[in-house]
2 protein chains.
Amino acid sequence: DVVLINAFEVPDGQREAAIAAWEVSRDFLAEQPGYISTVLHASLSPEARFQLVNVARWESAEAFEAAIAEMRAAGASPQIEGLGINPALYTEIRRD
Amino acid sequence: DVVLINAFEVPDGQREAAIAAWEVSRDFLAEQPGYISTVLHASLSPEARFQLVNVARWESAEAFEAAIAEMRAAGASPQIEGLGINPALYTEIRRD
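One numbering rule holds for all chains: residues counted from 1, following each sequence as written. Naming scheme: in the order in which they are written, chains are lettered from A and ligands are numbered from 1. Confidence filtering applies because this is a predicted model: local features only for residues at pLDDT of at least 70, side-chain atom pairs given and counted only at 80 or more, and all residues used for totals across whole chains, interfaces and linings. Hydrogens and water are ignored here; the side-chain numbers use all heavy atoms of the structure.

Caption draft 1: Expanded view of the relation of the copies chain A and chain B. Screw-axis analysis of chain A against chain B gives a translation of 0.0 Å along the axis, an RMSD of 0.0 Å, and a rotation angle of 180°. In short, the pair behaves as if placed about a two-fold rotation axis. Closest approach to the rotation axis within chain A is made by the C-alpha atom of A7(A), at a distance of 4.2 Å. When the copies are superposed, the least-squares fit draws on C-alpha atoms of residues that have pLDDT of at least 70 in both.

What follows is the structure in structure tokens.
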């Protein structure tokens, strides 16, 4: 598997809007081949640099990239003014 | 539970040193009350803004903060020149 981690910098007052937009994308991506699971995290502190962090599992980098391309083509990723995104693919190197 | 997510900005050529330093801290923290688990992720791409992302579970925010204070007092968190850290506590708000 690969792990998609995306740390969102959310403009003040936009947390609910960002979650709603994330859900539209999640609903689309969850139907794509190679999708395994996803967990969206919300910071306990409003001061946190990244108010939302998504951690999702995919069968492969290729599956993820194909799904993202499909999502963009389908317009299934609503844009939020000023939302900072930092998506990248990872592999687990230490677990205990 | 609470989830500690820490996205590391790693200076060029310092990934192995950052992992080694992380292991010293992990070994200390894993012995502290309230520790549950941790997974360290390494980016597939060297271009990723955050080369390393730690996702750890703790029984409570208080347990985590006490453990961090103990770690600092014990000097169990080796410093890496130029390492950017972004630790924050999170709760899961969407899971599927």
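Caption draft 2: Layout of empty space enclosed by the protein. Cavity and pocket criteria rest on a 1 Å grid covering protein atoms alone: a 1.4 Å probe that fits but cannot get out defines a cavity, protein on both sides within 12 Å along at least 5 of 7 lines defines an open pocket, and an atom within 4 Å of a point defines a lining residue. Grid points are joined across faces, edges and corners, and a volume is the space filled by probe spheres set on the points. For the structure on display, the rule yields one cavity of 30 Å³ or more. Considering the residues around the largest cavity, the lining is formed by I5(A), A7(A), F50(A), V53(A), N86(A), Y90(A), I5(B), A7(B), F50(B), V53(B), N86(B) and Y90(B). Runs of E in the DSSP output that reach at least two residues are strands. Runs of H or I that reach at least four are helices, and both are numbered from the N terminus. Where the lining of the largest cavity is concerned, the elements lending two or more residues are strand 1 (2-8) of chain A together with strand 1 (2-8) of chain B. For this classification, the nonpolar set comprises Ala, Val, Leu, Ile, Met, Phe, Trp, Tyr, Cys and Pro, the charged set comprises Asp, Glu, Lys and Arg, and every other residue, Gly included, is treated as polar. Tallied by class, residues from the lining of the largest cavity come to ten nonpolar, two polar and no charged.

Caption draft 3: Looking closely at the interface of chain A and chain B. The contact criterion used is simple: two residues touch if any of their non-hydrogen atoms lie within 4.5 Å. On the side of chain B, 34 residues touch chain A, which itself brings 34 residues to the contact. Roughly 2900 Å² of surface becomes buried between chain A and chain B when both sides are summed, with 60% attributable to carbon and sulfur atoms. When the buried surface of chain A facing chain B is broken down by residue, Y90(A), R94(A) and D96(A) rank first, second and third, together holding 24% of it. A pairing counts as a salt bridge when a side-chain nitrogen of Lys or Arg comes within 4 Å of a carboxyl oxygen of Asp or Glu. Summed over the shared surface of chain A and chain B, the result is six salt bridges. For the salt bridge of D96(A) with R26(B), the shortest nitrogen-to-oxygen distance reads 3.1 Å. Going through the elements one at a time, strand 1, helix 1 (15-29), strand 2 (35-43), strand 3 (52-58) and strand 4 (87-95) of chain A are the ones with two or more residues in the side of chain A that touches chain B. Buried area: the sum, over both parts, of the accessible surface (1.4 Å probe) that disappears when the two are put together.

Caption draft 4: Representation of the side chain of H41(B) in the model. Tracing the chain through its elements places H41(B) in strand 2 (residues 35-43). Owing to a relative accessible area of 4%, H41(B) belongs among the buried residues under this scheme. Within the structure, H41(B) has its side chain in polar contact with the backbone oxygen of V39(B) (distance 3.5 Å). When sequence neighbours within four positions are dropped, the list of residues in contact with H41(B) reads V3(A), I5(A), Y90(A), T91(A), E92(A), I93(A), Q51(B), L52(B), V53(B) and V55(B). The cut-offs for exposure are 20% and 50% of the maximum accessible area for each residue type, with area from a 1.4 Å probe on protein chains only; residues under the lower value are buried, those over the upper are exposed, and the others partly exposed. The definition of a polar contact used here is a pair of N or O atoms within 3.5 Å, where within protein one atom must be able to donate a hydrogen and the other to accept one, and adjacent residues in sequence count solely through side-chain atom pairs.

Caption draft 5: Seen up close, the sheet that holds strand 1 of chain B. Paired strands, in this sense, are two strands between which DSSP finds at least two bridges. Taken together, eight strands build a closed barrel; the order of strands is 1(A)-3(A)-2(A)-4(B)-1(B)-3(B)-2(B)-4(A) and the barrel is antiparallel. With strand direction ignored, the average angle separating the axes of adjacent strands in the sheet is 35°. Alignment of strand 1 of chain A against strand 4 of chain A, held across four bridges, turns out to be antiparallel. Following the sheet pairing, L4(A) is matched in strand 4 of chain A by L89(A). The axes used here are C-alpha line fits, helices contributing only the stretch in contact, and every angle between their N-to-C directions lies in the interval 0 to 180 degrees. Helix 1 of chain A rests against strand 1, strand 2 and strand 3 of chain A together with strand 4 (87-95) of chain B of the sheet, and its axis sits at about 175° to strand 2 of chain A.

Caption draft 6: Examining the pairing of strand 3 (residues 52-58) of chain B more closely. All names here are of chain B. Most of strand 3 is tucked away: six of the seven residues are buried. When strand 1 meets strand 3, the two strands line up antiparallel, connected through seven bridges. Across the sheet, the residue bridging to L4 is A56, located in strand 3. Pairing between strand 2 and strand 3: seven bridges, direction antiparallel. In the strand pairing of strand 3, S37 is matched with R57.

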